[in-house]
Structure formats: C-alpha cells, structure tokens
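Descriptive analysis of the structure
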Amino acid sequence: MRTHFYGAALTAVVLLTSTACTASHDTRSPESRAGGGGTRTVRPVAGCDAGSWTDPADLSPTRTPARCEPGTPAPQPLPKPRKLTIATGTLSAEYVAPLQVALDKGEFKKEGLDVTLKVLPTPDSLPLLAKGDIDALWAAPEAAVMNGVRGGFDIRWVAANFSPDPKSKSGLWVRLEDGESGDQVRMAGRRMGTMIGKGSVIAYPMEKALDQHGGGLDEIQYQQLGSADVLTALQNGGVDSAWLVDPVWRRVDGRPGYAFLGGQPLGEPLGGMLYGPGLLADDVDAGVALLRAYIRTVNTWFAADYKSDATFVTYLAKLLKTDEAILRSTPSLRMDWEIRAGTTDRLQAAYKAQGVAEGEPLPESRTVNRTLYEEAVGHRP
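These notes cover the structure that comes with them. Along each chain, residues carry numbers from 1 onward, in the same order as the chain's sequence is written. Residues qualify for local features only when their pLDDT is at least 70, as the model is predicted, and side-chain atom pairs are given and counted only at 80 or more; totals for whole chains, interfaces and linings, by contrast, use all residues. Working from all heavy atoms in the structure, the side-chain values ignore hydrogens and water.

Regarding the packing of aromatic side chains
Each aromatic ring pair is described using two quantities: the centre-to-centre distance and the angle formed by the ring planes. Only the six-membered ring of Trp is used, alongside the rings of Phe and Tyr, when aromatic pairs are assigned; centres must lie within 6.5 Å, and planes under 30 degrees apart are stacked while those over 60 apart are edge-to-face, with the rest tilted. Scanning the entire structure with this criterion turns up 8 aromatic pairs. Aromatic pair Phe302 and Tyr306: ring centres 4.9 Å apart, planes at 75°, arrangement edge-to-face. Comparing Phe302 with Tyr306 shows no difference in burial state: the two are buried. Consider the rings of Phe312 and Tyr315, whose centres lie 5.8 Å apart with planes at 40°: the pair is tilted. In this pair, Phe312 and Tyr315 are both assigned in helix H10 (residues 310-320), 3 residues apart and thus about one turn of the helix distant. Neither Phe312 nor Tyr315 differs from the other in exposure class; each is buried. Through pairs of rings, three or more aromatic residues link up here, namely Trp301, Phe302, Tyr306, Phe312 and Tyr315. In this scheme, a residue with accessible area under 20% of its type's maximum is buried, one over 50% is exposed, and one in between is partly exposed, where area comes from a 1.4 Å probe on protein chains only. Counting from the N terminus, the helices are the DSSP runs of H or I reaching at least four residues and the strands are the DSSP runs of E reaching at least two.

Structure (structure tokens):
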C-alpha cells in the first residue's frame with residue numbers, strides 16, 4: 001500500500017497562507033445570503049497550483065481533470081469537531097469509492113469531521129437535506145432535485161464525482177430480440193431498469209443513444225429498481241434494457257444477446273456532492289472541510305490510473321464489498337471534483353423531454369455552487 005507524507009505540505013501551507021495576499025467572495029447563493037457564513041477569505045493552498053482548477057467552459061472529452069499534489073490540500077481541522085451525515089444510494093458502486101476511502105483512511109477525521117455514510121434513495125433524502133436532518137447527498141442533480149429547488153429547497157450541486165474512461169462501457173445496455181444487433185435495435189416501447197427511474201441524470205446521455213435507435217425519452221417505460229436489482233432484472237428479462245455502471249457492465253459485456261448503445265459524455269461528470277442550507281450557509285467552514293477531505297482523497301489515491309496498483313485494487317474491492325476480478329476488469333474512473341458549465345441546463349432539457357420537469361428551467365446560479373471547492377484548492381476568481 002502506498003505511503004504519503006503530509007507534514008511538509010502542512011508546514012508549507014501555514015507559511016504560505018500567513019504571508020500571502022487574500023481575496024474574498026461570498027460562497028452562498030443569493031437565496032442563502034440571509035443566513036450565516038459571511039464573506040469568505042480565499043488563500044493560496046500549498047500543493048494546489050494552476051493545475052488544481054480548470055475552466056468550467058472546457059467541455060473537451062480529452063480535458064485533463066484538475067489535480068493537486070498527493071496529500072493536498074492539507075487538513076485544516078475545525079476548532080470544534082462536527083458530525084456530518086452524507087446520504088448515498090449505494091455503498092458498493094465504484095463512484096462512491098472516494099468517500100469510502102476518505103472514511104477508512106481517516107481523511108474526514110483529519111478535518112475534525114465525524115462522517116457517517118447513510119444509504120438512502122435520492123427522493124427520500126431531498127426533504128431531509130432541505131430540513132438539515134442530513135448534511136449532504138452523494139448523488140446527482142436529478143429531476144427531483146431541480147423540482148425541489150424550484151419549490152424552495154436551498155440545495156446546490158457543490159462538487160462533481162467522475163467521468164468515464166473512453167474504454168468504459170458504463171451506460172445503456174439492451175437485451176437483443178430475435179434478428180436484432182447492436183447496430184439495429186428499436187427502443188420504442190421497451191422497459192428500462194434504473195436506480196432512479198424517470199428523471200435520472202442518465203436521461204441526458206440516454207436521449208442521444210435512443211435517438212439513434214428508434215426511440216425517445218418519452219417512448220420507453222421506466223422501472224425503478226434497487227442498485228443490486230438492475231443487473232438481475234436485465235438478465236432474467238424483468239426489463240429489456242438497463243443503465244449499468246462500472247464495473248457491473250462487465251457481467252454482460254461480450255455475452256450473446258446483449259448490446260451497449262452508449263454512455264455518459266467523456267469529460268463531463270453528471271453527479272457528486274449536493275449540499276443543503278447547513279453547509280451552504282450556516283456552517284460553511286464544515287462544508288469546505290468536507291470537500292477538502294474529498295479532494296485530498298482524490299489527489300492521494302485516485303489521481304490517475306488507480307487500478308494499476310494491484311494492492312490498492314485488492315483493498316478497494318474489500319472496502320466496496322465487490323468482486324475483485326470484476327473491479328480489475330474495468331478501466332479506472334476519471335475522478336473529477338469540478339462541475340462543467342451548462343451541465344444542469346442540458347440535464348433539465350432532457351427532463352423536459354421525459355415530461356418530469358416542472359416550470360421553467362432553473363439558471364445555473366440556482367443549481368450549482370463551485371466556490372466551496374474553489375476555496376478548498378485556493379482558487380481565487
């Protein structure tokens with residue numbers, strides 16, 4: 001297992017931040033400024049240079065994700081320990097790995113955070129997040145999130161999670177009927193199994209795949225299933241198609257009777273961390289600390305091709321309680337904490353096509369807040 005040293009980086013950040021000039025900005029949305037939080041001071045962060053931030057407008061599929069040095073940004077423990085609950089739809093999917101590793105390696109504790117990961121579906125989590133009964137949600141800006149914000153929930157997408165490797169086949173899979181091939185599949189009228197059902201972020205990439213195969217978002221039937229049931233339903237005929245994430249798709253890849261129709265856009269994360277009013281306004285220090293621990297975990301353990309480290313893959317498989325051989329068989333995810341410009345606009349357009357969007361599209365200022373991860377890496381607008 002790798003060993004990383006934080007001492008030098010921590011010393012450097014103390015020296016740097018004590019002498020550097022600072023910039024200030026308000027981390028909160030206009031709707032949140034009546035609460036606490038105040039104006040934030042953003043200082044340079046040792047180990048996080050120009051490569052720790054990229055232009056959100058860069059939608060290139062070959063874009064290099066932002067990165068700091070391993071072990072950075074260094075911990076800045078809160079004056080008083082803070083208990084936080086993060087809801088997630090599953091603990092076994094690979095995209096949850098940075099949270100699991102951060103918890104297991106004590107990265108949250110280094111910030112003075114006592115973090116609990118709680119399995120809850122997104123629809124059940126949203127009212128709890130808005131009320132402050134949970135602190136964060138590891139999910140995506142689904143249609144339910146957009147409709148909740150439109151209805152008055154003070155919730156923002158504050159950090160991304162990953163984009164796929166070009167060799168990945170995470171995405172829309174279909175059971176072929178007699179006479180069909182991967183190039184000739186008619187999707188209209190088929191049943192699709194998903195963890196979220198209608199209104200999932202996969203509507204955006206799925207729309208492109210369906211358009212190429214005689215279907216549309218409003219021409220298929222959706223069946224919401226548990227994370228462990230999606231593959232089973234596809235295999236036993238309970239559904240005709242399904243969105244399979246890494247590494248689940250490897251169980252059908254290359255087998256007769258299945259075809260991959262398309263996946264998530266390269267270089268564009270579609271999910272990650274959502275905050276409610278507590279971490280957006282009432283306790284922004286804790287909100288930044290949580291993202292700092294997450295970003296440090298990515299930089300330390302997931303910076304590049306983390307599956308090239310055999311020992312780490314063995315550790316990760318045990319942590320996620322997943323089959324190690326299957327985990328090894330898929331390419332590494334491109335972990336990425338940055339949110340691309342316009343993603344929530346494109347998602348809302350897909351939700352409208354599905355008939356699950358309520359009212360007019362929300363502007364990005366009401367759906368996204370990048371300032372907390374920018375503060376964590378010392379980026380000053």
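More follows now that the structure is in view.
Some details on the state of the cysteines
Here, two cysteine sulfur atoms that lie within 2.5 Å of each other are counted as a disulfide. The final tally for this structure, using the stated rule, is 1 disulfide. The disulfide bridge from Cys48 ends at Cys68, spanning 2.1 Å between sulfur atoms. Its torsion about the S-S bond being 110°, the disulfide of Cys48 and Cys68 is classed as right-handed. Placement of Cys48 in the loop between strand S2 (40-42) and strand S3 (82-88) and of Cys68 in the loop between S2 and S3 is noted, with a sequence separation of 20 residues between them.

Observations regarding the pattern of salt bridges
Close approach of charged atoms allows side chains with opposite charge to pair. Salt bridges are defined as contacts in which a side-chain nitrogen from Lys or Arg sits within 4 Å of a carboxyl oxygen from Asp or Glu. A full pass over the atoms with the stated rule returns 22 salt bridges. Residues Asp165 and Lys167 are paired through a salt bridge, measuring 3.4 Å at the closest nitrogen-oxygen approach. Two residues, Arg191 and Asp240, come together in a salt bridge whose shortest N-O distance is 3.3 Å. In this pair, Arg191 is assigned in strand S9 (residues 191-194) and Asp240 in the loop between helix H7 (230-236) and strand S11 (241-244), connecting sequence segments 49 residues apart. Sharing partners across several salt bridges, the network here consists of Glu107, Lys110, Glu111, Arg292 and Arg296.

Here's the deal with the pairing of S9
What makes two strands pair is DSSP finding at least two bridges between them. Two strands pair when backbone bridges link them, and S9 and strand S10 (residues 221-224) are joined in this way by 4 bridges, in the parallel orientation. By the bridge assignment for S10, Thr194 is matched with Gln224. Where S9 meets S11, 2 bridges bridge the pair, whose relative direction is parallel. Across the sheet, residue Met192 finds its bridge partner in S11, namely Ser241.

Details of the pairing of strand S13 (residues 272-275)
Along any regular strand, the residues point their side chains to alternate faces of the sheet. Note that strand S5 (residues 136-139) and S13 share 4 bridges and pair antiparallel. By the bridge assignment for S13, Leu137 is matched with Leu274. Here strand S6 (residues 156-160) runs beside S13; their pairing, made up of 4 bridges, is antiparallel. When the bridges of S13 are listed, Trp157 appears paired with Leu274.

Treat this as a map of the structure, not an account of what it does.
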